[in-house]
Amino acid sequence: MNQFLFILSIFVLGLCFSELLFPELKSIIRYYVSPFVGIGFMSLAVGLLIVIGSPVTLQKVGIILIGYWLMIYFSLRHSQCIPTMRRGLFMKSLNQYININFIGVFISYFLIVIIFVLIGKSSTVSDSTQFEGIGRFLANGGTIDDQPPLLSFLLNGRLLVVGAMHCLNRLFGSYSLYALYPTFHIWFLGFIILSYSSLRRHLSSNNKIPLLLLLVFIMFSNKSFNYQIYHVHSNGLAMIFCSISIMSLYLFKKSKNKSWLIFGSFILGISTLIRIDNLIFSIIFFSIAFKIIYYDRRLITTMWVIFLIISLPWWLFTLSYTPLKYWHVNAYQIIILIAANVVFAIVSVFIPKYYEKKLSNFPFLFMIGTISFVVVMLYQYPQNVEYAFRYFLFQNLLSQNWIFLTFTILLMTIFLPYVAQIDNDIVILPYSILLYISQTFLIVLFSSIIGQPHVASRNLYHIVPLYIFWVFLSFSTVIDHSKNNI
Amino acid sequence: MKRVLVYFHIFAFSLIVLDNFIFFNYLKDHSDYIKDKLSTIEPLRTLLGTIIIDFDYRKPGKKKLKDYYVDDKIVEIIGKKRASQQKLFFDHYRDNGSILSNSIIMADIVHEFMEGKIDTLFLPFTDDVYCFDIEETEWCQIQSIDLFVHPIIVSIMRYNPIIRLKQYIDLKNETNISITGSDDVLFNLVFHTGEEKKLNYYLNVYKNEVFVSSNEQ
């Protein structure tokens, strides 16, 4: 019951903030994305308490959340800096909120939560004990001043979002957190269906319904997705948040609704609080975002501001507790990741008008840069490049984990130019997937050079839903176009 | 071209469908058999050595665990609802094959049943080793214990935790609560009586039984 109330409170809280922040998203979408928004703000509240060294309690979290809400409310009222947020839009009467969409979304969420709380299933590994452990430490009144063992590892590897959720779950009176993971995975599956359905609303029912059913079946049964459903870890949530942020770019292109970009930046910021390596993914996101809205400097600035406000304070804080040499993430690596994001933000915000269109193809430049870097490394560290290549190819992409997906990604990429002739916006998805794979290869290479362990094989899970979404979009694009031509 | 694209997508779908968890688990469970069969084909031998890898990190051959039971004493201390939640927690962590399970199960029950009784929990380890074996028990990443028992202080101290048969019988008679952990390890909590103030507690081991008691043996 306590866990049920906790997961339900994520929805309610998210609803309060999404009404405030994303008024121009369709109401059903706004209601639907509430849990993703809620988990973000709850984590930010816990994060603030950790930073100021105050024990985490529900009362304090509640006060901070009210403070966040009021702060956003008043800054929106008195500022026009965020173009898609119009003041007064969220000042609706209660009757306007209680509509069929809201009731439908709320009941669906309610039922999913209750089912997974009652099922009581969970899949745990060694890492799960640390997520549970840091949550309990915080819930028992622990602070940074108590200097728990492996502090730097806990800050960078087990906090913020997942550890914060375990902490709040304990504070709600529940014993250990398990139902949040399957709830969010199934909810995310619903988000994919909702997005696909709205993007392909003009498809005939004869095509659309079988495709939706096939999408659900393939996504749910896919081993990378299915493995994460009950898994107590950060990879599942990282996969969800990374996928939603990239999907938001595509949804913006199709709807021209700027709220999708604001939402995408917010979700991306939260994804970096789930796993630090998502600070690499953020560069991929913004390189694609710049390509599609290079002409709207104000919007780019807004997106960066939202992302950096969410992400930067936490990582600057953890930096102060991270040694220069460490077996987990070290201070140099955090500095490089932060610097890369800040430099890219400055470049994309202040790039002269004359160059903006010429340099707008950041994804392409990014890929060229990666290949050039690997060539330079091949000259400097040939053995490491060979090891990274062999490991990445034979133990990941061509292993039983990935071989089917690798083969189809290759084929989809070969045929991409033909599909892009019908729908050019679809390149957003393959760009993000190919760039992510190349950056994961770089992680393996770096780890090999500095002799540090890496989790490349687990990180590759993050893009599987995006890939499946791409294949379905591509297929429906082709059959729809074929039909029109026939 | 459009028709080619349609067929090609159908081909892609059929490959992606194969990437499902049922087929994957079958491959994983039979990877050695498949390797053996296919490696009889000469050109495939080298390739299969790298493609089909066994990445399963769990301990092989899961044993059937002894039942954990919620007895009257546990229910009396933490209540029926909490006892059932605790049982679920053990269900999740006891049989996952993780080498960390016993460390956190011990920490969990110490926090749950003895938070008000312990000042410092002494553990017979050193902090520079990842795993320790004491008799038939294994203790890994002991740093996690600190997180679970906070605000109880955890102190690492060199002492002999192995007890003799007579001490075992004495402690067993004084045991208040027994709970089965991972790998059939039995945790016994011995509460001190008479004094209200918090005491120091020690971890002792006899074969596969662990005692947390205020007596330094």
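Owing to the predicted nature of the structure, the values given are computational and were not obtained by experimental measurement.

A tally of regular secondary structure across chain A gives 24 helices and zero strands. Computed over its C-alpha atoms, the radius of gyration of chain A comes to 22 Å, within 12% of the 23 Å expected for a compact globule of 486 residues. Its C-alpha atoms put chain A at 55 × 55 × 50 Å along the principal axes. Expressed as a percentage of the 486 residues in chain A, the buried residues total 48%. In chain A, of all internal contacts separated by at least 6 residues, the share reaching a separation of at least 24 is 78%.

This paragraph deals with the overall build of chain B. Looking only at helices and strands, chain B has nine helices and eight strands in total. In chain B, buried positions account for 33% of the 217 residues. For chain B, long-range pairs separated by at least 24 residues make up 62% of all intrachain contacts whose partners lie at least 6 apart in sequence.

As a further point, take the sheet that holds strand β6 (residues 186-189) of chain B. Residue and element names in this part refer to chain B. Judged by pairing direction, the sheet is mixed, and its six strands sit side by side in the order β4-β1-β7-β8-β6-β5 without closing on themselves. Two strands bound the open sheet, and with one partner strand each, they are β4 (153-156) and β5 (177-180). Across the sheet, the mean angle from the axis of one strand to that of its neighbour is 20 degrees, orientation sign disregarded. Sheet analysis places β5 next to β6, joined by four bridges and oriented antiparallel. The partner of Thr180 across the bridge, within β6, is Leu186. Helix α7 (residues 101-114) rests against β1 (118-123), β5, β6 and β8 (209-213) of the sheet, and its axis sits at about 25 degrees to β6.

Interfaces are often described in size by the accessible area the parts lose on coming together. If you look at the interface, chain A gives 52 residues, while chain B gives 40 residues. Elements supplying a minimum of two residues to the side of chain A that touches chain B: α7 (126-139), α11 (205-221), α12 (223-229), α20 (382-397), α21 (403-422) and α24 (464-485) of chain A. Per element, the largest residue contribution to the side of chain A that touches chain B is 10 residues, and it comes from α21(A).

Bringing the packing of helix α19 (residues 362-380) of chain A against helix α22 (residues 428-450) of chain A into the picture now. Residues and elements named next belong to chain A. The N-to-C vectors of α19 and α22 enclose an angle of 25 degrees; their axes lie 11 Å apart at closest approach. Relative to α22, α19 is oriented roughly parallel. By crossing handedness, the relation of α19 to α22 is classed as left-handed. Here Pro363, Phe366, Met367, Thr370 and Met377 of α19 come into contact with α22, specifically with Tyr431, Leu435, Ser438, Leu442 and Leu445. Taken together, the residues of the contact of α19 with α22 sort by class into eight nonpolar, two polar and no charged.

What follows is about the nonpolar core. If you look at the biggest cluster of nonpolar residues, it comprises 193 residues, and the most contacted ones within it are A:Val46, A:Val161, A:Tyr467 and B:Val110. Once residues within four sequence positions are removed from consideration, A:Val161 is found in contact with A:Ile39, A:Ser43, A:Leu237, A:Ile270, A:Leu273 and A:Ile274.

With that settled, consider the domain arrangement of chain A. All names here are of chain A. In terms of domain boundaries, chain A breaks down into domain 1 (2-360) and domain 2 (361-486). The centre of domain 1, based on its C-alpha atoms, is set 24 Å off from the matching centre of domain 2. Listed by partner, the interface residues are 34 residues for domain 1 and 26 residues for domain 2. If you list the elements that add at least two residues to the side of domain 1 that touches domain 2, you get α10 (180-199), α11, α12, α13 (235-255) and α15 (278-293). Broken down by element, the residue count for the side of domain 1 that touches domain 2 peaks at 11 residues, all from α13. Residue classes in the side of domain 1 that touches domain 2 are distributed as 21 nonpolar, eight polar and five charged.

Examined against the element boundaries, A:Ser243 turns out to sit in helix α13. In contact with A:Ser243, not counting residues within four places along its chain, are A:Pro465 and A:Leu466.

Let us now look at unusual backbone geometry. Of note, the amide linkage connecting A:Leu159 to A:Leu160 takes the cis form, showing an omega dihedral of 15 degrees. In this structure, A:Leu160 sits in the loop between α8 (151-158) and α9 (161-171). B:His150 connects to B:Pro151 through a cis peptide bond whose omega is 15 degrees. Within the element layout of this structure, B:Pro151 appears in the loop between α8 (143-149) and β4.

It is worth spelling out helix α17 (residues 331-350) of chain A at this point. All names here are of chain A. The terminal C-alpha atoms of α17, which comprises 20 residues, lie 28 Å apart, in line with the 28 Å expected from a rise of 1.5 Å per residue. The set of residues buried in α17 consists of Leu337, Asn341, Ala345 and Ser348. Buried residues of α17 fall within an arc of 80 degrees about the axis and therefore sit on the same side. Exposed side chains of α17 directed beyond 90 degrees from the buried face belong to Ala339, Val343, Ile346 and Phe350. Taken together, the buried residues of α17 touch α15 and α16 (297-319).

Time to look at the pairing of β6(B). All names here are of chain B. Counting the residues in the hairpin turn of β5 and β6 gives five residues, including Asp183, whose phi is positive at 55 degrees. Direction of pairing for β6 relative to β8: parallel, over a ladder of four bridges. The residue bridging Leu189 from the neighbouring strand is Val212, located in β8.

With that settled, the discussion passes to the confidence of the model for chain B. Chain-level pLDDT for chain B is 78 on average; 78% of the residues reach the 70-or-more range. Across residues 52-62 of chain B the pLDDT falls below 50, and counting only partners more than four positions away or on other chains, this stretch makes 13 contacts in the model.

All right, on to the packing of α13(A) against α15(A) then. Residue and element names in this part refer to chain A. Relative orientation of the contacting elements α13 and α15 amounts to 5 degrees, with a least axis distance of 11 Å. Taken together, α13 and α15 sit at an angle that is classed as roughly parallel. Contacts between α13 and α15 pair Ala238, Cys242, Ser245, Ile246, Leu249 and Lys253 from the former with Asn278, Phe281, Phe285, Ile288, Ala289 and Ile292 from the latter. The residue inventory of the contact of α13 with α15, partitioned by class, reads nine nonpolar, two polar and one charged.

What counts and how
- What you see as residue numbers is a count from 1 along each chain, following the sequence as written.
- The lettering of chains begins at A and the numbering of ligands begins at 1, in the order of writing.
- Where totals are concerned, whole chains, interfaces and linings use all residues; where local detail is concerned, this predicted model gives features only for residues with pLDDT of at least 70, and gives and counts side-chain atom pairs only at 80 or more.
- The way it works is that DSSP assigns letters per residue, a run of H or I at least four long becomes a helix, a run of E at least two long becomes a strand, and they are numbered from the N terminus.
- Radius of gyration here is computed from C-alpha atoms only, and the compact-globule reference equals 2.2 Å multiplied by the residue count raised to the power 0.38.
- We call a residue exposed when 12 or fewer other C-beta atoms sit within 10 Å of its C-beta, buried when the count reaches 20 or more, and partly exposed for counts in between; the C-beta positions come from the backbone.
- Residues are scored as being in contact if the C-beta atoms we place from backbone atoms lie within 7 Å.
- Paired strands are those between which DSSP finds at least two bridges.
- Inter-axis angles, ranging from 0 to 180 degrees, are taken between N-to-C directions of lines fitted to C-alpha atoms, where helices are fitted over the stretch in contact.
- For classification purposes, angles smaller than 35 degrees are called roughly parallel, those larger than 145 roughly antiparallel, those between 65 and 115 roughly perpendicular, and all remaining angles oblique.
- Crossings are sorted by hand: turned counterclockwise from the far helix by less than a right angle, the near helix makes the crossing left-handed, and turned clockwise it makes it right-handed.
- Asp, Glu, Lys and Arg are counted as charged, while Ala, Val, Leu, Ile, Met, Phe, Trp, Tyr, Cys and Pro are counted as nonpolar; the rest, among them Gly, fall into the polar class.
- Buried Ala, Val, Leu, Ile, Met, Phe, Trp, Tyr and Cys residues form a nonpolar core when they are connected through C-beta atoms within 7 Å.
- Per the annotation, domain bounds derive from an automatic or database assignment of domains.
- Helix span, as expected, comes to 1.5 Å for every residue beyond the first.
- Picture the helix axis, draw a direction to every C-beta atom, and the arc is the one those directions span.
- Confidence of the predictor in every single residue is expressed as pLDDT, which spans 0 to 100.

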